[in-house]
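# A look at the structure
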Amino acid sequence: MDERRVFSGKSSEISNRDEYFLENSMLLELKQYCIMMLELVSNPNIDHSFISQYLDLLRRSSRQSLKPFTDYALFPLLLLFDGAVNCRSSKKVASQNEFAESVPELNVSDSVAEGVVLCLEEVLRKCRLGSLDQMVVILKKLAYGAMLSPEEASEEFRIGVIRCFRALVLNLCPCSDESCSCKQISGWPLLAAKELRIYSVGRISKDDVALSKECLIAFLQSDPAAPAVGHWLSLLLKAVGVEAARGHQGNSEIRVEALVAFRVLVAKIGTADAIAFYLPGVVSQLGRVLHASKTMVSGAAGSTDALNHAVRGLSEYLITVLGDVESATLDNNSQSTFNEKALVSVLDELRQLTIKSPVSSDAINPSKSVVRDVVVSRGDASKVNSNSKVLRVDRSSGWLANTADHVDKLLSATFPSLCIHPNIKVRIAVLAAVKALLDRCSYALKQTRLMLVECLFVMVCDDFEDVSSDAHTFVQHQISYQHKGLKNDTLEIFRRLLEKLPQVIMGDDELIALSHVRKLLAVTFFAGAQSVAEYIVHSPVAATRFFDVFTVCLSQNSTFAGSLNKYATRKPSSSGFMDSISEIKAITNFSNGDSELVGFRRQRSSHQSEHIKDKGELPRMPPWFVHMGSQKLYNALAGIVRLVSFYVFTDPRSFPVLIDILLEPLRELINELRMKQCRDESWQLWYERTGSGKLVRGASTAVCILNEMVFGLSDSSIDSFAGSFLSGSRKEDLLPEYWIQIKNQKTKEKGLIIDCVGSILHEYLAPEIWDLPLGISSTIQQSDDRCDISMHFFNDNGMLHQIIIEGIGIFNVCLGVDFSSCGFLNSSLYLLLENIICSNFQVKEAANTVLHVISATQKFETAGHLVLGNADYVIDSICRQLRNLDLNPHVPNVLAAMLSFIGVADKILPLLDEPLHAVSVELEILGRHRHPNLTLPFLKAVAEISKATKHEADKLPGRADFFKNKICSKTSYVDKETANFGSDVKTTRRLDAEEKEWESIVFEFNDSKRYRKIVGSIAGSCLASVTPLIASGDTAECLTSLDVIEDGIIVLAKVEEAYKLESETKEAIIEEVESLRFHNLVDTLSMAEDEASENRLLPAMNKIWPFFISCFRSKNLGAIRKCCYTITMVIRICGGDFFSRRFLTDGSHIWKFLSSSPFHKKPFTKDDRTPLQLPYRKSFTSSEDPPSEISTLKVQITILEMIGDLACNNRSSSALAAVFKKVSGMVVGIACSGVKGLRDACENALVGLAAIDSDMIWLLLADVYYSRKGAKLPEPPSSELLEVSKVLPPVASEKEFLHVMYGGQSFGFHVDFDAVENVFHRLQARVFSSQNQPMYLLES
């Protein structure tokens, strides 16, 4: 124990010794720097670089090491500071100072002055003042520096002065007296944010408390310090205003530092008595800062950090002065009599003292400090005690009412706009201020409470999560404790905001409108279901008034009044790619198609389809609202409607009444349209009638509200509100009780929702609405010769259709699987398919989106599978409407849309038999005469069917070959096993099993054969339907028909190929089955089959060929070019032998296009006369307007390409055998003419013809080529060969050329010997050099 005591004593002795040495070393360093600074005072011109080293020493030193030498360090710094202020002030400090002789005249540079204030700030931050006199002196000197104007001092120096003051005040510590008033304050700003923690000076030690003999904080709260406090409040706020007034030259950092110092000073004083006198001036000065934020977005006045501290500082000041703890006792205080004249004399005396002078006799004494900008109005004169003659105010109830009125004006004018400030720091500051004022000043600021609650509700819907979650928590806390005042406030605010809603929405400030709507949304949520429902449904008038408000807000009144730039940037593209169309191949490639099931439905598997989420979200903003506001504004408005719908559903009897109110505009529109049909009015007359356009727009707005009302009952809408307005890990537990009751009631009253949706859909699907035109069509032009309908009418109709289609998708989201089970899907799917090919892109895109949403909700993998799964209902509707085309002229478009949309018509081919029969009837002569405008839509439907049959026909030969190989392998295996068969029981059982296996094979074979017949039959029907339209004068009809012909011929070829393989397979099966003595299976193979019915290709081609020739006679050049490609394709498939005689008899109609040059006008012939027009035919071309040269040239190129392609192919070359000489002569004649544009096509055609007979082509070319040579003909190398003159006798004119004699006389194709030589040499290189031509001729 003794050893420990000795050791302990030694250690304490060593530590004391270390502290002693440390203090001595610090003293030595301070002494060195202080001496140099004193020398700098006497001689400012010496080197002052040591100041930065001194600052570094102060920053490195600890608080404990600097504490003993506080006075030692302050003395030279204050001398230099006085000199810096004195040389910069317009009136010298020393001239009016009683210690003038101690302050020499100095000329301190900016670098020295800025270094001094940095050192002084560091000392004041680490060293606490121990006496009142010391604090008064330093405050006085800092006040001189703070009064310097921007023209007198640099920005760094003025910032340093404010920081020194902040460090001094922040470093004041409470005294040791527990009964002192300093113990009643926290000494730190009430609304201090995280960024303010950097100004903290550390904890207060016991030594600091013992060091202070006088309580400096209590002095600041006392009456003698009131003028000094007011003076500093004025200086700080004046610095804020001066920098703001300087515009872009102002320093925002000075404003921030001044406001931080202001907050620290108010927090250190912390009593209402000490600062209540300055409330009017402080509120006025800070109000300017808040008002400036509305207009200033840059410069010092637009500093968001300064605005943040201004909001917090104002709130802290109001809480300190008007706190409920202080204000609640005002009514119980006795009212005393005051002398107004005494106060007036005091104020006049204060105003006469100039604050511009940095030093005055009164400024030296803190009790006589000047308060200039902190003003007290004469109306408050009666509130100052005349006996005390101090800056105090008696906070009576009258004073409180007057002050609260002024504060209310300021806060009401600034806080609502600050709630939507773009900077997040400002919004967080406003939220903190609102919460604090509601908690601490709800009694004093009674008339401001509603405005503060509105601001709080705006914060609840803030986009930033930190702001919204904090506001949520505060509101939930107030409601959880059943704060009656807040509940009463919400209902009153709901009424007031609802009345102002139309005016705000129609205003020009979208941010204000968004803030207002978000307030109303939050108020609606927190007001509760009972209050809101009673307010709306207590009478039909109230409900109608409520919907009138939202009808105005969501109407189309401003659709065309927006900015053109805004309209252009928001308007979607008029053409685009729809994702549903991309699914055409998705299902086709989904499986390799061994299954041929009808009504195939593919349920959602683990493989999820790629749905576009952004485009698939419903509901969406209506198309007209883009010109009125943003998506956020619409979401807030729609949220109110959804909440009201959810609340009103508490009374099942009232909800249908609201639905009927909203359906009135739609029913009125339908009635007007029915009246139009009865009157047989044109759309022009109907639109010009008063109110017709307004009816359409009103119906669109009503539909929009109806959609949101129904969506408000969906689970997704309810969950979204819970996520938006409730905070916490388990939000389900925080739901109000009435929410749970409504959700349970909604589940019980599911039938009511279904009935309401049914009544709405009944109006949505009214045919009169969908008869509204979306553009100027031929029907409108025929009914009205003027056809001067405004485009706004079509635009309004398109938006109505779009919003109705989106409503169908919303109903599907709300009902889920009930949407399908109740029959709503079947009744609306046909409408969606009809609009998927609408001419209006917005309507088309809406139908595309809704089909995606429905397919996802109804558990279908893609929209194509949705249509396929319900194809029987759609086909049923199509067949029913095809019987009444006069009433349903749009049905062909629906059929084409369905087939093209799903892309898997092969899955429903058996269902297409009846529609195809009806289409074939309509494509006949009488059908086309009755409905000429439906011919092209029907052709498109047939084209889609032919594509489906082509898709299936491509698989038939492969399947047939696979089945054949399977049977062959099976028969070889059976032959080996049969040799081992006996007559025992085991063998009998084995034969029974073998018979069952062959029975399944026969059934599979019959199914495959039956499906092949279906494909062939449908393809034959398609060909028979479109064949007459090949000769149509309408280019679109002709081109579509030729596409069908190509697909149909390919299908018939594939079907015949599959039939041949099936015949071989059938023979193998029959042979094997008979060998096994399974005679009953032979009968099922239908041996007596008509083979003639399977040979469809050539008979079909025999019927099509005359219409090909008619197409060439129609002079429809676009169709003729397409027909040439089709002829090439079908001849290659069918073989050339079948067409040899047909080219001989009908080829003249084709070759006549090669008989004349396109650049020479052909004389009029009998063939050019206008043919007799039958009454049911219409002419699309006029002989008076001949085709252009380029069009004719393209036709000739196409015919030459056809000749070349046919001649090059061995299968099709025989088609030209009968007309080879004629065709060769015509092609050679064109090649020798050298017409530009035809050279390459002629050369390729000659190469193809040379593949048939190269000698003929050489003779035709050589006849022209050597006719130019004359006497220069080459001699034959031997006498056995004939001379060239005998082989090719000379000609007297061009008519004697061989190509003219074979091909006939042409018009405009004159011989160009340069072109002849070029063609001859090119063909010599490509063709003749590789064949056995006379070499001596080639060498020549």
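Residues numbered from 1 in each chain as written. Predicted model: local features only at pLDDT ≥ 70, side-chain atom pairs only at ≥ 80, totals over all residues. Heavy atoms only, no water.

## Here we look at the overall build of the protein
- Per the secondary structure count, the protein includes 62 helices and zero strands.
- Considering only intrachain contacts with a sequence separation of at least 6, the fraction spanning at least 24 residues in the protein is 81%.
- Accessible surface, the protein: about 61,800 Å² in total, of which carbon and sulfur atoms supply 51%. (Helix = DSSP H or I, 4+ residues; strand = E, 2+ residues; numbered from the N terminus. Contact = heavy atoms within 4.5 Å. Areas by Shrake-Rupley, 256 points an atom, 1.4 Å probe, with all protein chains shown as cover.)

## Remarks on the environment of Ile1252
- By the element assignment, Ile1252 lies in helix α57 (residues 1239–1252).
- On the basis of relative accessible area, Ile1252 is assigned to the partly exposed category, the value being 36%.
- Separated by 44 residues in the primary sequence, Ile1252 and Cys1208 place their C-alpha atoms 7.9 Å from one another.
- Discounting chain neighbours no more than four positions away, the residues touching Ile1252 are Ala1207, Ser1213 and Phe1220. (Buried < 20%, exposed > 50% of the residue type's maximum accessible area, 1.4 Å probe, protein only.)

## Here's the deal with the packing of helix α7 (residues 155–170) against helix α10 (residues 226–245)
- One can describe the packing of α7 onto α10 by two numbers: an axis separation of 12 Å at closest approach and a directional angle of 145°. In the crossing of α7 with α10, the sense of the turn from one axis to the other is left-handed. Of α10, the residues touching α7 (which contributes Arg158, Ile162 and Phe165) are Trp232, Leu236, Ala239 and Glu243.
- Looking at the contact of α7 with α10, its residues break down into five nonpolar, no polar and two charged. (Axes fitted to C-alpha atoms, helices over the stretch in contact; angles between N-to-C directions. Left-handed = near helix turned anticlockwise from the far one by under 90°. Nonpolar A, V, L, I, M, F, W, Y, C, P; charged D, E, K, R; others polar.)

## Describing the nonpolar core
- If you look at the biggest cluster of nonpolar residues, it comprises 380 residues, and the most contacted ones within it are Phe415, Phe1108 and Phe1143.
- Within the second largest apolar cluster, 11 residues are counted, among which are Val1002, Ile1069, Val1073 and Leu1081. (Core = buried A, V, L, I, M, F, W, Y, C linked by side-chain atoms within 4.5 Å.)

## A few points about the packing of helix α24 (residues 529–537) against helix α28 (residues 631–648)
- Packing of α24 against α28 brings their axes to within 9 Å, and their N-to-C directions diverge by 95°. With respect to α28, the element α24 is oriented roughly perpendicular. Residues Ala529, Val532, Ala533, Ile536 and Val537 of α24 touch α28, and the partners they reach there are Val644, Tyr647 and Val648.
- Considered class by class, the residues forming the contact of α24 with α28 number eight nonpolar, no polar and no charged. (Parallel < 35°, antiparallel > 145°, perpendicular 65-115°, else oblique.)

## Things to note about unusual backbone geometry
- With a phi angle near 55°, Asp680 is a residue other than glycine that sits in the positive phi range.
- In this structure, Asp680 sits in the loop between α29 (654–679) and α30 (683–688).
- Overall, Asp680 belongs to the exposed group, its relative accessible area being 69%.
- A positive phi is found at Lys859, a non-glycine position, where the angle reads about 65°.
- Within the fold, Lys859 resides in the loop between α40 (841–857) and α41 (863–869).

## Details of the packing of aromatic side chains
- According to the stated counting rule, one finds 27 aromatic pairs in the structure shown.
- Ring centres 5.8 Å apart and planes at 25° place the aromatic pair Phe81 and Phe157 in the stacked group. Taken as a pair, Phe81 in helix α4 (residues 70–88) and Phe157 in helix α7 lie far apart in primary sequence, 76 residues in all. For the pair formed by Phe81 and Phe157, the shared burial category is buried.
- Between Phe525 and Phe526, the ring centres sit 4.9 Å apart and the planes meet at 85°, which makes this aromatic pair edge-to-face.
- The buried category is assigned to Phe525, whose relative accessible area is 2%.
- Accessibility expressed as a relative area gives 10% for Phe526, which makes it buried.
- Grouping aromatic residues by their ring pairs yields a cluster made of Trp1105, Phe1108, Phe1138, Phe1139, Phe1143 and Trp1151.
- Over the ring of Phe1138 we find Arg1142, and its NZ or CZ is 3.9 Å from the ring centre. (Phe/Tyr/Trp six-rings, centres within 6.5 Å; stacked < 30°, edge-to-face > 60°. Lys NZ or Arg CZ within 6 Å of the ring centre and 35° of its normal.)

## Let's talk about the side chain of Arg88
- When you line up the elements, Arg88 lands in helix α4.
- Assessed through its relative accessible area of 11%, Arg88 is described here as buried.
- A polar atom in the side chain of Arg88 sits 3.0 Å from the backbone oxygen of Val108.
- Reaching out from Arg88, the side chain makes a polar contact with the backbone oxygen of Ser109 at a distance of 3.3 Å. (Polar contact = N/O pair within 3.5 Å; in protein donor to acceptor, adjacent residues only side chain to side chain.)

## Remarks on the pattern of salt bridges
- Throughout the structure, instances matching the rule amount to 41 salt bridges.
- One salt bridge in this structure joins Arg674 and Glu768, with 3.2 Å as the shortest N-O distance. With a gap of 94 residues between them, Arg674 in helix α29 and Glu768 in helix α35 (residues 767–770) connect regions that are remote in the sequence.
- What makes Arg674 partly exposed here is its relative accessible area of 40%.
- Among the salt bridges present, the one from Lys964 reaches Glu1064, with a minimum N-O distance of 2.3 Å. With a gap of 100 residues between them, Lys964 in helix α47 (residues 956–978) and Glu1064 in helix α49 (residues 1035–1075) connect regions that are remote in the sequence. (Salt bridge = Lys/Arg side-chain N within 4 Å of Asp/Glu carboxyl O.)

## Quick word on the side chain of Ser303
- Locating Ser303 in the fold gives a position in the loop between α13 (279–295) and α14 (304–322).
- Within the structure, the side chain of Ser303 is placed 3.3 Å from the backbone nitrogen of Ala306, a separation counted as a polar contact.
- Contacts of Ser303, omitting those with residues within four sequence positions, involve Ser252 and Val256.

## A short note on the confidence of the model for the protein
- Mean pLDDT over the protein: 76, with 73% of residues reaching 70 or higher.
- This stretch, residues 1–18, has a pLDDT under 50; its non-local contacts, to residues over four places away or in other chains, come to zero contacts.
- Below pLDDT 50 for its whole length, residues 569–614 participates in 85 contacts with residues either more than four positions away or in separate chains. (pLDDT = per-residue confidence, 0-100.)

## Here we look at the environment of Glu1072
- You can see Glu1072 is positioned in helix α49.
- C-alpha separation for the pair Glu1072 and Ile967, spaced 105 residues apart in sequence, amounts to 9.4 Å.

## Section: α24
- Along α24, the residues classified as buried are Ala529, Val532, Ala533 and Ile536. For α24, the buried positions fall inside an angular range of 95° around the axis, keeping them on one side. (Arc of directions from axis to C-beta.)

## A look at the environment of Val393
- Mapped onto the secondary structure, Val393 falls in the loop between α17 (361–364) and α18 (397–418).
- Assessed through its relative accessible area of 12%, Val393 is described here as buried.
- Sequence separation between Val393 and Ala276 is 117 residues, and the spatial gap between their C-alpha atoms is 6.5 Å.

## Concerning the state of the cysteines
- One pass over the full model with this rule turns up zero disulfides.
- There is no disulfide at Cys1111, and the cysteine sulfur nearest it, in Cys1038, is 3.9 Å away.
- Take Cys1111: its relative accessible area is 0%, and that puts it in the buried class. (Disulfide = S-S within 2.5 Å.)

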